[in-house]
Number of protein chains: 2
Amino acid sequence: MDIARRAGVSKGAVSMALNGLPGVSEATRGRILEVARELDWHPNNAARALSAARSDAIGLVLARPARTLGVEPFFFQLISGLQAELSGRRIALLLQVVEDLDAEIAVYRQWWSERRVDAVILIDLRVQDPRVDLLEELDLPALVIGGPGHHGRLPSVWADDAKAMTSIVDHLAGLGHRRIARIAGLPDLLHTERRTEAFRAAVASHGIDVAPILMTDYSGEQGAAATRQLLRSPLPPTAIVYDNDVMAVAGVAVATELGVAVPTSLSVVAWDDSPLCQLLHPPLTALTRDTFAFGASAARSLLLVLDGAEGADVEDHVPVLVQRESTSAPSPN
Amino acid sequence: MDIARRAGVSKGAVSMALNGLPGVSEATRGRILEVARELDWHPNNAARALSAARSDAIGLVLARPARTLGVEPFFFQLISGLQAELSGRRIALLLQVVEDLDAEIAVYRQWWSERRVDAVILIDLRVQDPRVDLLEELDLPALVIGGPGHHGRLPSVWADDAKAMTSIVDHLAGLGHRRIARIAGLPDLLHTERRTEAFRAAVASHGIDVAPILMTDYSGEQGAAATRQLLRSPLPPTAIVYDNDVMAVAGVAVATELGVAVPTSLSVVAWDDSPLCQLLHPPLTALTRDTFAFGASAARSLLLVLDGAEGADVEDHVPVLVQRESTSAPSPN
DNA sequence: CGCAGCAGCTAAACCGGTTCAGCCTCGTCG
DNA sequence: CGACGAGGCTGAACCGGTTTAGCTGCTGCG
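In this report, we go over the structure that sits alongside the text. A quick note: this is a predicted structure, and the numbers were derived from the prediction, not measured.

## Let's talk about the protein's contact with DNA strand D
Move 1: If you check the shell around DNA strand D, you find 25 residues, and the closest are A:Gly12, A:Ser15, A:Ala47, A:Ser51 and B:Gly12.
Move 2: Its residues assigned to classes, the surface near DNA strand D comprises eleven nonpolar, eleven polar and three charged.

## Here's the deal with the nonpolar core
Move 1: Among the nonpolar cores identified, the biggest contains 92 residues, and A:Tyr242, A:Val268, B:Tyr242 and B:Val268 are the most heavily contacted of them.
Move 2: A:Leu122, A:Trp158, B:Leu135 and B:Ala159 belong to the second largest nonpolar core, which has 83 residues in total.

## A closer look at the protein's contact with DNA strand C
Move 1: For DNA strand C, the set of nearby residues contains 25 residues, the closest of which are A:Gly12, B:Gly12, B:Ser15, B:Ala47 and B:Ser51.
Move 2: Of all the secondary-structure elements, those providing two or more residues to the surface near DNA strand C are helix H2 (11-18) and helix H4 (45-52) of chain A together with helix H2 (11-18) and helix H4 (45-52) of chain B.
Move 3: Here the surface near DNA strand C is built from residues that sort into eleven nonpolar, eleven polar and three charged.

## Regarding the packing of helix H8 (residues 161-175) of chain B against helix H9 (residues 190-205) of chain B
Residue and element names in this part refer to chain B.
Move 1: Where H8 meets H9, the closest approach of the two axes is 8 Å, and the angle between their N-to-C directions is 40 degrees. Considering the angle they form, H8 stands oblique to H9. Handedness of the H8/H9 crossing: right-handed. Residues Asp 161, Ala 162, Met 165, Thr 166, Val 169 and Asp 170 of H8 pack against His 191, Arg 194, Arg 195, Ala 198, Phe 199, Ala 202 and Val 203 of H9.
Move 2: When grouped by side-chain class, the residues that make up the contact of H8 with H9 number seven nonpolar, two polar and four charged.

## Considering the sheet that holds strand S9 (residues 267-271) of chain A
Residues and elements named next belong to chain A.
Move 1: Pairing is mixed across the open sheet formed by six strands, whose spatial order is S7-S6-S8-S9-S10-S12. Every interior strand has two partners, whereas the edge strands, strand S7 (213-215) and strand S12 (320-322), have only one. Strand after strand, the sheet turns through a mean of 20 degrees between neighbouring axes, direction not considered.
Move 2: Where strand S10 (residues 285-288) meets S12, three bridges bridge the pair, whose relative direction is antiparallel. Residue pairing across strands places Ala 286 opposite Val 322, the latter belonging to S12.
Move 3: Most of the contacts of helix H10 (residues 220-231) go to strand S6 (residues 180-184), to which it runs at about 155 degrees, and overall it touches S6, S7 and strand S8 (239-242).

## Some words on H4(B)
Move 1: Within H4(B), burial applies to B:Asn45, B:Ala46, B:Ala49 and B:Leu50. Angularly, the buried residues of H4(B) cover 130 degrees about the axis, an arc narrow enough to put them on a single face. Along H4(B), exposed side chains directed more than 90 degrees from the buried face belong to B:Ser51 and B:Ala52.
Move 2: Close packing links the buried residues of H4(B) with H4 of chain A.
Move 3: Looking one or two residues beyond H4(B), the residue adopting positive phi is B:Ala53, at roughly 55 degrees.

Conventions adopted
- Every chain is numbered independently, its residues counted from 1 as its sequence is written.
- For naming, the first written chain is A and the first written ligand is 1, with later ones following in the order written.
- Two thresholds apply to this predicted model, a pLDDT of at least 70 for residue-level local features and 80 or more for giving and counting side-chain atom pairs, whereas whole-chain, interface and lining totals are computed over all residues.
- A residue counts as near a molecule or strand when its C-beta atom, positioned from the backbone, falls within 6 Å of it.
- Three classes are used: nonpolar for Ala, Val, Leu, Ile, Met, Phe, Trp, Tyr, Cys and Pro, charged for Asp, Glu, Lys and Arg, and polar for all others, with Gly counted as polar.
- A set of buried residues drawn from Ala, Val, Leu, Ile, Met, Phe, Trp, Tyr and Cys, joined through C-beta atoms within 7 Å, is what defines a nonpolar core.
- Whether a residue is buried, exposed or partly exposed is read from the other C-beta atoms within 10 Å of its own C-beta, which are placed from the backbone; 20 or more gives buried, 12 or fewer gives exposed, and intermediate counts give partly exposed.
- Here a strand is any run of E in DSSP of at least two residues, a helix any run of H or I of at least four, and the numbering for each starts at the N terminus.
- To get an axis, fit a line to the C-alpha atoms, keeping to the stretch in contact for a helix; angles then go from 0 to 180 degrees between the N-to-C directions.
- Comment on the angle field: the value is read as roughly parallel under 35 degrees, roughly antiparallel over 145, roughly perpendicular from 65 to 115, and oblique elsewhere.
- Two helices that cross are described as forming a left-handed crossing if the nearer one is turned anticlockwise from the farther one by less than a right angle, and a right-handed crossing if clockwise.
- Here, residue contact means that the backbone-derived C-beta atoms of the two residues sit within 7 Å.
- A strand pair is defined by DSSP finding two or more bridges across the two strands.
- By arc we mean the arc of the directions from the helix axis to the C-beta atoms, nothing more.

In structure tokens form, the structure reads like this:
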């Protein structure tokens, strides 16, 4: 190490000085920092990772079939939020996009065996999730996005989907809707199940006993098909709650095509806001959340875990409903 | 290294055997591989990176203001395509989302000084791009997505935007349009400039001498504003070409709001297809490209560069125009 | 004055691989 | 039969940091 030579000390001293560890005098530390700056020195990440048994990287795997991924700004905002916190600690983000859960698990195994990451972020939790068992078995630190529950000892960061769903149903019922349907996302996702339960409970609390729920894969096609099915039923709903914005947009298109006016004859609510919802005609009432802040919060929790803290479940803000022009009182019929 | 002990050879031999290098007999190699499998051995990435002076990772920085990022599936498809090629070589992808070009440059500097990545992928090339100079100066291998031209010695993978733009204009002119406008993206992006040039040349070739071009930041808001400005002008266009799908969607909404029927009174073409374009009403005529394949092709080029090949410019397929219902002959007026 | 204790530092081991000079053992050829 | 070359393998250096045992010199206390 030529900083050591130039400063006339041993490389051990340099290491202590640069890492802010005790063991060197302030005078020496200052001299070493000075030399390091002069030489524009930066630690070699591999060397540091090797001896410290850290990689200074965390991993994120996105496992969704290609067609259902990418229209939502959610992931980018999440990633941005994560990095806002992580980059201050010089922690990099390894991203891998895979087709399915098996591939995702293989990635975790590989990352772990090669010591590529110090921790991973688990997203889109399943009802029975094999990843949780795997990560606990590997002892690979992980943070679950979207708890609580069903994820063993792993810490999580989550938002209260149940409360959010209740606020949507309350809004619709408050407008006078009695025939409310829900077009949900992938049925084996944990948050789909939670939203479904909350939906059932919320409509029941308003004395509504029939409220259909249709499952989809989040794609516009299936959202459109489900909407068509609902609107053609004998007693069509006067309001539909969609699990994402893409399906809501598709739903509005189908309604228009079938001559069902939005919001006059059909109210539409989208879960997850996006520029789309505002561009559409009419602009969609949507549930917004601050995904960037959510990511930042997740990163902070993860850093705590990396620092050895006992992982806890942290609750983020409840998403709020932004009322635009796609919801109104149902037309008397 | 306990594989060495268990197989009764030196660790040098083990290294050769596991990396397929000459220097060990096939019998020994077989025995070593056998032991490695038994022990479920995997190389420690940091150790390998340290001695081989490689990191087995490539970096991708996305520098767009948060608001304009994320609605397009483009990046995820690109990343998926990249990884389809890279993961076979056990090369990881480091992703960083930053606000602006300065931050992006800082990330390159840091990655390079810490030897975090072996190469980077440069995207959204600017007309005068400081990143090109930086990467050449650092001698950090890089692949430019979206050439050719303006990127010094760096190799690139590109699609012929000019031809694609010509095909759009030809399509519109063929339908009988004589008043064609273009709503472009960020003016300092190289491909914006190239598309602009191609647009000018194409309309000129059809004897059209006035064809307004408005610059935006790709956001729906600015797309809507630009559309409004065009439609309210004394001699409004009968066709508008948008630089992305979000603006096209916003444009259709504005047209509808102003009582301009699509496609009867206004034809709309979107650059870049997405589920959106098909969901909308009417479905949008759009320029599609196989972004996944594009990413895979880019990854192959990058691997060649890493293997020491002289970087070349590789041309990908020309994007093709998919005709849907947002374009038709102009109404006689 | 003697000795314990501590701050400040050095030297060397260590992390887990890769690389290479050099040694041994054959087989081949003159 | 001896020299030579090639194949197969060993042992050690090396990558660039971190960590630790231990040394030195100073201070403080009995």
